[in-house]
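Observations on chain architecture
The chain contents come next:
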Amino acid sequence: MSQTTRVIIFDTTLRDGEQAPGFSMDVPSKVKMAMALDALGVDIIEAGFPIASPADSEATRQVAMQVTRPVIAALARCRPADIDEAALALAPATRKRIHTFLATSDLHLEKKLRITREACLEATVSAVSRARQVTDDVEFSAEDATRSDRDFLCRVVEGAIAAGATTINLPDTVGYATPEDIREFFEEIRRRVPNSDKATFSAHCHDDLGLAVANSIASVQGGVRQIECTINGIGERAGNASLEEIVMAFRVRQDRLPYDTAIETPHLFAASQLLSELTSEPVQANKAIVGRNAFAHEAGIHQDGMLKDSRTYEIMCPQDVGQTPDQLVLGRHSGRHAVHKRCETLGFNLSSDELAAVYHEVVTMGEHRKSIGDNDLRRMIARARAVSEASHSSR
Ligand code: KIV
Ligand code: ZN
């Protein structure tokens, strides 16, 4: 049976993202960010891990109360107290999901949890059943799934679905997978689990090898229809898969990736900026889609190409992600064409001698300065004009 092309965007900026060092947010900040995620059109907001702290619980409750369109999810270990705390925090939600998780790899079971595989299976089934008494929308995550024994993982997934899980998330918790691995992994699990057609499969990829976005996309090719991701790719260690990169990859490469999401892409830049503001963590300048250099051009050859046809150096329109168009940065690499264009934009039509003088000053100043602003340019124009007027009057 053919699958839908619609991919559910499960945003975990406020949970996995927020739990990374330096990214914690207070309750009002989380609510503000949740509102931006709502405007962006995410399907599900994971608002927190309520048992982790009273602040996490309160933030989840406030988001559940104030943000009514998306499904609001809360994380819980496969323990009764966690499920009950999640249920309490989600009580005001219009649409709620309990997201319960337990590690399935032998490494985690033996070294971290010190429980047997049988105990893991039992705890999974009982947590999912308890969560189903609170809501019909229950997600089970098999932490460290990609390093788990496949036969055992299939048993756990089958048990979770039989107990009522409607979404099965198989995280690449430590960012170990490659795109080819993870695509085959999802194909195999879906093929081998007899009741797999009763659940939506989900990917949750970490970026330890810089492959989180590629792995998320490969997972979709392997049959996943929910991706867990974060704004700016924030999250534990190297982070999670970046929401904006996945969504734009689908949008720009429909020829190879015929999938769609409900994301209103013109809101991407604002959401990224808001997160940066709320956490006081800058966005890397060259970050794809939302970095300040993502649509900026300084090299003369590139600026010339951009002025003739922006498709020469841009594969998407900046406006489509909420960025400003025509970001031709003046600096030591700039070309004459871009300097001329910027002067025109500022309302100055320069003679060729004036342009030559201004261009020379731009390149010289660019040796010492990162970039040259409009006021610098106005001063250069004034100097060039003064010199040309003086030479005309002395003739
Ligand atoms: O990375 C991970 O395995 C997680 C789970 C709790 C979903 O964040
Ligand atoms: Zn994670």
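Up top you'll find the structure we're talking about.
Analysis parameters
Residues numbered from 1 in each chain as written. Chains lettered and ligands numbered in written order. Predicted model: local features only at pLDDT ≥ 70, side-chain atom pairs only at ≥ 80, totals over all residues. Heavy atoms only, no water. Helix = DSSP H or I, 4+ residues; strand = E, 2+ residues; numbered from the N terminus. Buried < 20%, exposed > 50% of the residue type's maximum accessible area, 1.4 Å probe, protein only. Contact = heavy atoms within 4.5 Å. Lys, Arg positive; Asp, Glu negative; His and termini not counted. Charge placed at Lys NZ, Arg CZ, Asp CG, Glu CD. Donors = N, O, S within 2.8 Å, 3.2 Å for Na, K, Ca; no water. Near = heavy atom within 4 Å. Polar contact = N/O pair within 3.5 Å; in protein donor to acceptor, adjacent residues only side chain to side chain. Salt bridge = Lys/Arg side-chain N within 4 Å of Asp/Glu carboxyl O. Disulfide = S-S within 2.5 Å. Axes fitted to C-alpha atoms, helices over the stretch in contact; angles between N-to-C directions. Parallel < 35°, antiparallel > 145°, perpendicular 65-115°, else oblique. Pairing = 2+ DSSP bridges. Right-handed = clockwise from strand over helix to strand, strands pointing away.

**Structural notes on the overall build of the protein chain**
Along the backbone of the protein chain there are 15 helices and ten strands. The buried share of the protein chain, reckoned over its 395 residues, is 51%. Taking contacts inside the protein chain between residues at least 6 apart in sequence as the whole, the part at least 24 apart equals 72%. The protein chain carries 45 positive and 56 negative side-chain charges, and their two centres are separated by 2 Å.

**Describing the environment of Ser352**
Tracing the chain through its elements places Ser352 in helix α14 (residues 352–366). The spacing of Ser352 and Pro171 is 181 residues in sequence and 61 Å in space, taken between C-alpha atoms.

**A short note on the coordination of the zinc ion (ligand 2)**
Around the zinc ion (ligand 2), the protein contributes the donor atoms Asp16 (OD), His204 (NE2) and His206 (NE2), at 2.0 to 2.1 Å from the metal centre. When the donor residues of the zinc ion (ligand 2) are listed from N- to C-terminus, their spacing reads D-x187-H-x1-H. Within this pair, whereas Asp16 is found in helix α1 (residues 13–17), its partner His206 is found in the loop between β7 (200–205) and α9 (212–221), the two being separated by 190 residues in sequence. Both residues of the pair, Asp16 and His206, count as buried.

**A closer look at the site of ligand 1**
Taken together, Arg15, Asp16, His99, Phe101, Ser141, Glu143, Asn169, Pro171, Thr173, His204 and His206 form the complete shell of residues around ligand 1. A distance of 3.0 Å is found between an oxygen atom of ligand 1 and a side-chain nitrogen or oxygen belonging to Arg15. Between ligand 1 and the protein, one listed contact pairs an oxygen atom with a side-chain N or O atom of Thr173 at 2.7 Å. Secondary-structure elements contributing two or more residues to the shell around ligand 1 are α1, β4 (96–103), β5 (138–143) and β6 (167–172).

**Considering the pattern of salt bridges**
Two side chains bearing opposite charge may form a pair once their charged atoms approach each other closely. Throughout the structure, instances matching the rule amount to 33 salt bridges. A salt bridge links Asp16 to Arg15; the nearest nitrogen and oxygen atoms lie 3.6 Å apart. Given a relative accessible area of 9%, Arg15 falls into the buried group. Asp304 serves as the salt-bridge partner of Lys308, at 2.7 Å between the closest nitrogen and oxygen.

**A look at the state of the cysteines**
Applying the stated criterion to the full structure yields zero disulfides. The thiol of Cys154 is not disulfide-bonded; the next cysteine sulfur, from Cys120, is found 13 Å away. The buried category is assigned to Cys154, whose relative accessible area is 7%.

**Regarding α9**
For α9, the buried fraction is high: eight of the ten residues fall into the buried class. Among all positions in α9, only Ala212, Val213, Asn215, Ser216, Ile217, Ala218, Ser219 and Val220 are buried. Buried residues along α9 sit in contact with β6, α8 (179–192), β7, β8 (226–229) and α10 (243–252). One or two residues past the end of α9 sits Gly223, with phi positive at roughly 110 degrees.

**A look at the packing of helix α2 (residues 27–40) against helix α11 (residues 268–279)**
At a minimum axis distance of 10 Å, the contact between α2 and α11 shows a crossing angle of 170 degrees. By the criterion of interaxial angle, the relationship of α2 to α11 is roughly antiparallel. Side by side, α2 and α11 meet where Ser29, Lys32, Met33, Ala36 and Leu40 of the first sit next to Leu268, Ala271, Leu274, Leu275 and Leu278 of the second.

**Regarding the sheet that holds strand β3 (residues 71–77)**
Taken together, the eight strands give a closed barrel; going around it, the order is β1-β2-β3-β4-β5-β6-β7-β8, and neighbouring strands pair in parallel fashion. Going across the sheet, the axis of each strand differs from the next one's by a mean of 25 degrees, ignoring polarity. Bridge count for β3 against β4 is six bridges, and the pairing is parallel. Note that in β4 the partner of Leu75 across the bridge is His99. Contacts between α9 and the sheet are confined to β6, β7 and β8, with β7 contributing the most and set at about 165 degrees to the helix. Contacting β1 (8–11) and β8, α10 runs over the sheet at an angle of about 145 degrees to β8.

**Considerations on the pairing of β5**
Summarising burial for β5: six of the six residues are buried, a large majority. Burial of β5 is two-sided: the residues Val138, Phe140 and Ala142 facing one way and the residues Glu139, Ser141 and Glu143 facing the other way are all buried. Of the strand pairs in this sheet, β4 and β5 are connected by six bridges, and their pairing is parallel. Counterpart to Leu102 in the pairing with β5 is Ala142. Taken together, the three bridges between β5 and β6 define a ladder with parallel strand orientation. Within the sheet, the bridge partner assigned to Glu139 lies in β6 and is Thr167. Remark: the β5/helix α7 (residues 150–162)/β6 crossover connection has right-handed handedness.

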